[in-house]
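# Secondary and tertiary structure notes
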Amino acid sequence: MEQYWQKEIETASREQLTAWQNERLVNTVKRVYENVPYYRAQMEKAGITPDDIKSIDDLHKLPFTYKSDLRDTYPFGLFAVPMEQVATMHASSGTTGKQIVAGYTENDLAIWGDICARQLAAVGCEKTDIVHVSYGYGLFTGGLGLHRGARRIGAVALPVSSGNTARQLTIFQDFGSNILCCTPSYAMYLGESLEEAGIPLDKIKLKAGIFGAEPWTEEMRRMIEKKLGLKAYDIYGLTEIMGPGVAYECSCQKGMHVNEDHFIIEVIDPDTGEVLPKGSEGEIVFSCITKEAFPLLRYRTRDIGVVNYETCECGRTFCRMSKPRGRSDDMLIIRGVNVFPSQIETVLMREGHSPNYQLVVDRINNLDTLEVKVEVTADVFSDTVANLTKAEKKLADSIKSLLGVAVKVTFCAPNTIARSTGKAVRVIDNRKLH
Ligand code: DLL
């Protein structure tokens, strides 16, 4: 039977959800206009006042918030409450420029706990379960976010944090962890490590996993499920909006339910900024409508996805967002062709290759090159050079036929590509160094 944390909200009618969104959006716009000089200036520039925002139909009138706005106001310039009301902060380092700092009031933390509890309930978490949290604790939102969710439910929140893989395996066995929370790449690494240590699955009690914070494919999901003997769920979120739990997967696993009572999702054309018709793929934009300390409006996530408004069989009425294909800024442009690392991952897994891969991009004689390094088993690696070359070519052909871009495939010996305990580094772009 489907389990909910706040059933009345999670299954509320569309009319009710819209009514909440209308009221909460209007209030948030007023609040930021009054309390955040930067927002007031942006709205003045756009020629609007809070009176122009009467319902979610007026949302498109508000200016977008970009990551660059967060840098311009670093560190606390977009906070909408005085510091004495801020209970904690998190930050994401990002790959370029200054880190992003998010503030939370006590009330924000309670809501964050609830939305993570919704995810935990959806995977069947009970009070008696041990929730093994291997996302990093600290300024990263993953560890403490899921920790709060587990506490909200009343389950055991086990703050293992990431790293020290051998110890993680010992804890699985000795403590009987039931639900694992970590990045999908770390889940894969934990699965491989279990195998290498010769620990059979009947020695551990994991039943579900909550994996997110980076793109991963359905193929990877199946592999993790097999290696760890659990059901793997996807969870989405970002520091700027809250952290994990902005959207969560139910047992149907056909998209992640967006917590629409707290966040409004839009899909826009990343080039023109225009809101796209329902069902189109585009850049995902979020507005926070209940956050007190750091309520971003129309924040450009750069994540590319699709939103589905059909009712889900689980009974939840929140719309569902697809797995983001990746961030528009992770997208590689190789000789004019757009390539997402996740597309390459799909080909690798479909053809039975290992999920341990890395993409190396370079520019040689003014021409982009893409090398796909992928680990193979010791058996394959010790095969004849002729056979290896043939197999590399076969994989390169498959990638070319699917993505339309010629790549060089290089097979690597087992355990030569660095494993990640947090977010995996999938791409090394040497072009940036030139
Ligand atoms: O990664 C928050 C989080 C922690 C989500 C734990 C899920 C679990 P940031 O470090 O700010 O926050 O990174 C946010 O990660 O814009 C996406 O590009 C990517 N991302 C997050 N979840 C997923 C997912 C956390 N399920 C950025 N699938 C986002 C694909 C994801 N990409």
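Source: prediction; values computed, not measured.

Here we come to the domain arrangement of the protein chain. Annotation of the protein chain at the domain level lists domain 1 (1–328) and domain 2 (332–433). Centre-to-centre separation of domain 1 and domain 2, based on C-alpha positions: 30 Å. In this complex, domain 1 contributes 22 residues to the contact, which on the side of domain 2 involves 18 residues. Of all residues in domain 1, Thr217, Glu219 and Arg325 give up the largest surface area on contact with domain 2, accounting jointly for 31% of the area buried on that side. For the pair domain 1 and domain 2, the number of links is 2 salt bridges. A salt bridge links Glu192 to Arg419; the nearest nitrogen and oxygen atoms lie 2.9 Å apart. On inspection of domain 1 and its partner domain 2, the count reaches 9 residue pairs in polar contact (both at pLDDT 80 or more). Taken together, the elements giving at least two residues each to the side of domain 1 that touches domain 2 come down to helix H8 (184–196) and helix H9 (218–228).

What follows covers the layout of surface pockets. Space inside the second largest pocket adds up to approximately 490 Å³. Lining the second largest pocket are 20 residues; nearest its centre among them are Ile265, Glu266, Val275, Lys278 and Tyr309. Listing elements by their share of the lining of the second largest pocket, those giving two or more residues are helix H2 (14–35) and strand E10 (263–268). Here the lining of the second largest pocket gets 4 residues from one element, more than from any other, and that element is E10. Residue composition of the lining of the second largest pocket, grouped by class: 10 nonpolar, 5 polar and 5 charged.

Parameters and conventions
- Residues numbered from 1 in each chain as written.
- Predicted model: local features only at pLDDT ≥ 70, side-chain atom pairs only at ≥ 80, totals over all residues.
- Heavy atoms only, no water.
- Domains from an automatic or database assignment.
- Contact = heavy atoms within 4.5 Å.
- Buried area = accessible area lost by both parts, 1.4 Å probe.
- Salt bridge = Lys/Arg side-chain N within 4 Å of Asp/Glu carboxyl O.
- Polar contact = N/O pair within 3.5 Å; in protein donor to acceptor, adjacent residues only side chain to side chain.
- Helix = DSSP H or I, 4+ residues; strand = E, 2+ residues; numbered from the N terminus.
- 1 Å grid on protein atoms, 1.4 Å probe; cavity = no way out; pocket = protein on both sides within 12 Å on 5 of 7 lines; lining within 4 Å.
- Points joined across faces, edges and corners; volume = space filled by probe spheres on them.
- Nonpolar A, V, L, I, M, F, W, Y, C, P; charged D, E, K, R; others polar.

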